[in-house]
Amino acid sequence: MKTSKKSSVILWSVVSFVFIGAVLSLTFNSCKQKSKYGTTGGYPIEPVPFTSVTLTDNFWAPKIKTNHEVTIPIAIEQSEISGRIKNFEIAGGLCEGEFCSQYTFDDSDIYKIIEAASFSLQTIPDKKLEAKLDSLIELIAVAQEADGYIFTNLTIAQMNSTKPHPWVGDGRWDKVEDLSHELYNLGHMFEAATAHYQATGKRNFLDIAIKAADFLDRTFGWGKVEKYPGHQVVEMGLVKMYLTTGEKRYLDLAKFFLDVRGSEGPEYCQAHAKVVDQTEAVGHAVRATYMYAAMADIAALYNDESYIHASRKIWEDMVFRKTYVTGGIGASGGNEGFDKPYELPNMAAYCETCASIGEIFWNYRMFLYDGESKYIDVLERSLYNAFLSGVSLEGDRFFYPNVLESIGQHSRSKWFGCACCPPNLARLLPSLPGYIYSKTPNAILVNLFMDNTAQIDFYGNNIALTQATNFPWDGNIVLEVNPDKNEKFELRVRIPGWARNEAIPGDLYSFTDEISDDINILVNDKEVRYKTENGFAVIKRKWSKGDKVSLEFPMEPRIVTASDSIKADRDKMAIQRGPFVYAAEWPDVQDGKVLNLVFDRDEQLSVVDEPDLLNGVHTVYAKAKLVRSTLDGGFEYGEEQNVRLIPYYSWNNRGAGEMAVWLPYNEKSVRPLPAPTIASRSEVSASHNTKSLVALNDQLLPENSNDHTWPYYHWWPLNNSWEWVQYDFKNAADVSKVKVYWYDDGPFGGCRIPTDWEIQYLAGKQWKQVKVNYSYPISKDEWNEVNFSPVKTTALRLRVKLPEIHSAGIHEWIVE
């Protein structure tokens, strides 16, 4: 096969760029070139590169250090254990074997690890880690085929004359619009290769990426292979390749991959309509946000109003109707993505960590284009809450979904078979300094607040900018401006929405109180008048060495309520302080019972600095009472408790247990502690043990078989076998009736009602069938009730015959 020609020159000096996860650094008029698509442009606002900013704070800097010392090494180790690295060795002919890991997209995890480590090397030089990256890149080089194609699953299958993964099809690009992930992997490779080149100056990985990008350019396009990627990200990767090499072909190809999406594809991967005609956030949330971010790139680089118009419409739909108070997006686990407007369940929330990362990428691009602080407001909400909850305080455990309520069935995992989230998180963390500042020819913008020092190249004038603050715990901000030469320009300081009585853009969430949004700003200890524009305080003056700007944001804890359209949050409140959303968790309440508390929304909330708790946090205290059900159907209130609330990101670092973000404040929304039953007091076990066993006797009853509001137990991926669940009673009991509510997530999920079931009781050491005078009922969306001859026993077992090609599950199992 013919090997592609390498690009002749790297135009580092032509385009100023930085890769902040997926953020571009461009000036408005940079890279003006002609293509068949028209004249390119650029973002009106240019980020200050993360390499120009040194964090010195006590919040993010330690997390970036933990990411370097713990998370990235774990990602490398797990990639070795799972065979992800060995896949490249086999594909390169260095050893023999079959494809080692589980998914077609596993190559991408290696690329994301390299990107994460490359960013981290900029902050924390590490020769050992750099050498490890070189060894991984050598494996990628030998795994790449002669024409530039690289995809270890298919390469290994063809070497062994075996079938590739079913998602791949029969050959290259056969199922690229579905699940092959060939282009997805390449997108992450392009992002990693450009980041590695920036961090090290080495071309070894970039040359591999150029070879692959040239191959794609020869293969795809109008009149060539006209297919779109089933999972977006190659578009962003190609934009970065363009910015690194100056090869306009890569940018044109990125636009092609967006334009080729049409009206006949699935909504799941946003191929149901032309991208410029889309107005709603739909489908798989990670796919969606990666595509929306790329749309913003194209809007800027081509001055394409149709692209930015569609992006704004989609953004409004997401923020105004489909975003959690934590900033999380993608409510549904069934499609790992967006649900209907206002469908935002708490315990069943999906909120994939990768979706929060994609949301951050997209919002920053939208800010660079429009200059409005609302995009940073949404970014900040996700960053401090939904994103950050994805990793434990120690950096060694991870959430894939990020729920807003739990009865104890959730805990972070060491790793995942589908391991996209940990390395994705690891690549965003060390790039965070690049989000703090941005600039235009007339202004320096302060977007985020972290203690740091920055050296800003302000179009020929070096400006040292220092930010002294204990944010996010403290609202005091002091900026010191030190230009090499005195210069007149605007310093634009973002006033966060939460400091301006706006919980989130739109009316999805609101504060119950109103505070003064008049933020006093001092320059050299003298109060100055300023105008507010696009959410930024604008201070225009001739700046000299040592000029200081001081301001203080209000940091009182505030009550947030949701739009009445969100059924799950009616008559409940959330607590926010600064950028943090707070949660009640089991160690901080009596008997660990969070979900049965009713809170007093009229009591004063108090704040306590607790440096020895959860690596140091400011907690909020609120008054609450435990509510129990009485036999007559009423409520019984316990003694008032002073409940400690913790920042949401820090939950599940003290073990699994109950947690809630949305807190009931009246009898309409409180969930009284049910009276105990034989089932609820039983010890539960099963043939297939999972953390969801607690669902069987949690006394949380479904509305239908596909109800995801409450936990459910399932045997997936098992099928066509007899399985069981078991109750062991505390004492021998007389029982004569059971009720079962089956879980069935058809037609798209993997569980259906069983083909058969039966009840057994323990007689001595033997299991015996109960006596039933009729056949066992099997139906969905209702209780399946069986009466049998009374037995005295210490245990019951429910045996289930799983369907031939599906699995089965149970919402609740009641014993009487």
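Described in the following lines is the structure provided in the data block. (Residues numbered from 1 in each chain as written. Predicted model: local features only at pLDDT ≥ 70, side-chain atom pairs only at ≥ 80, totals over all residues. Heavy atoms only, no water.)

## Remarks on the sheet that holds strand E8 (residues 452–458)
Phase 1: Here we have 7 strands laid out as an open sheet, ordered E4-E8-E9-E10-E17-E13-E14, and antiparallel in their pairing. The open sheet has two edge strands with one neighbour each: strand E4 (53–55) and strand E14 (526–527).
Phase 2: Pairing of strand E13 (residues 521–523) with E14, which is carried by 2 bridges, proceeds in the antiparallel orientation. Note on E14: the bridge partner recorded for Leu 522 is Glu 527. (Pairing = 2+ DSSP bridges. Helix = DSSP H or I, 4+ residues; strand = E, 2+ residues; numbered from the N terminus.)

## Brief notes about the pairing of strand E16 (residues 536–543)
Phase 1: Here strand E11 (residues 487–494) runs beside E16; their pairing, made up of 8 bridges, is antiparallel. Bridged to Phe 489 within E16 is Arg 541.
Phase 2: In this structure, strand E15 (residues 531–533) lies alongside E16, joined through 3 bridges in antiparallel fashion. Looking at E16, one finds that Lys 531 is bridged to Val 538.

## Observations concerning the layout of surface pockets
Phase 1: Estimated volume of the second largest pocket: approximately 470 Å³.
Phase 2: In this structure, the second largest pocket is lined by 21 residues; those nearest its centre are Lys 593, Glu 658, Leu 673, Asp 698 and Gln 699.
Phase 3: Class assignment of the residues belonging to the lining of the second largest pocket gives a composition of 9 nonpolar, 6 polar and 6 charged. (1 Å grid on protein atoms, 1.4 Å probe; cavity = no way out; pocket = protein on both sides within 12 Å on 5 of 7 lines; lining within 4 Å. Points joined across faces, edges and corners; volume = space filled by probe spheres on them. Nonpolar A, V, L, I, M, F, W, Y, C, P; charged D, E, K, R; others polar.)

## Observations concerning helix H1 (residues 60–82)
Phase 1: Of all bends in H1, the biggest is about 40 degrees, found at Asn 67.
Phase 2: Taken residue by residue, H1 has Trp 60, Lys 63, Ile 64, Asn 67, His 68, Thr 71, Ile 72, Ile 74, Ala 75, Ile 76, Gln 78 and Ser 79 as its buried positions.
Phase 3: Next to the buried residues of H1 lie E4, helix H2 (84–91), helix H3 (106–123), helix H4 (127–143), helix H13 (373–387) and helix H14 (421–428). (Bend = angle between axes of the 7 residues up to and from the residue. Buried < 20%, exposed > 50% of the residue type's maximum accessible area, 1.4 Å probe, protein only. Contact = heavy atoms within 4.5 Å.)

## Looking at the packing of aromatic side chains
Ring pairs (aromatic) are described by centroid distance and by the angle formed between their planes.
Phase 1: Counted under the stated rule, the structure contains 49 aromatic pairs.
Phase 2: Their ring planes at 65 degrees and their centres at 6.0 Å tell us that Phe 88 and Tyr 111 sit as a pair that is edge-to-face. Note that Phe 88 is positioned in helix H2 and Tyr 111 in helix H3, a separation of 23 residues in sequence.
Phase 3: Assessed through its relative accessible area of 1%, Tyr 111 is described here as buried. (Phe/Tyr/Trp six-rings, centres within 6.5 Å; stacked < 30°, edge-to-face > 60°.)

## With respect to the nonpolar core
Phase 1: In terms of nonpolar packing, the biggest core is built from 228 residues, with Met 189, Phe 190 and Tyr 509 touching the most fellow members.
Phase 2: Here the element with the most residues in this core is helix H10 (residues 285–301); it accounts for 14 residues.
Phase 3: Of all hydrophobic cores here, the second largest spans 30 residues; its members include Trp 715, Tyr 776, Val 791 and Leu 796. (Core = buried A, V, L, I, M, F, W, Y, C linked by side-chain atoms within 4.5 Å.)

## Thoughts on the pattern of salt bridges
Phase 1: By the definition in use, this model includes 46 salt bridges.
Phase 2: Between Lys 248 and Asp 252 there is a salt bridge; the shortest N-O distance is 2.8 Å. Remark: Asp 252 and Lys 248 occur in helix H9 (residues 248–259); sequence separation between them is 4 residues, near one turn of the helix. Note on accessibility: Lys 248 and Asp 252 belong to one class, buried.
Phase 3: Here Arg 558 makes a salt bridge to Asp 513, at a shortest N to O gap of 3.1 Å. Here Asp 513 lies in the loop between strand E12 (509–511) and E13 and Arg 558 lies in strand E18 (residues 558–562), a separation of 45 residues in the sequence.
Phase 4: What you see here is one network of salt bridges that share partners, running through Glu 585, Asp 588, Glu 610, Arg 644 and Arg 654. (Salt bridge = Lys/Arg side-chain N within 4 Å of Asp/Glu carboxyl O.)

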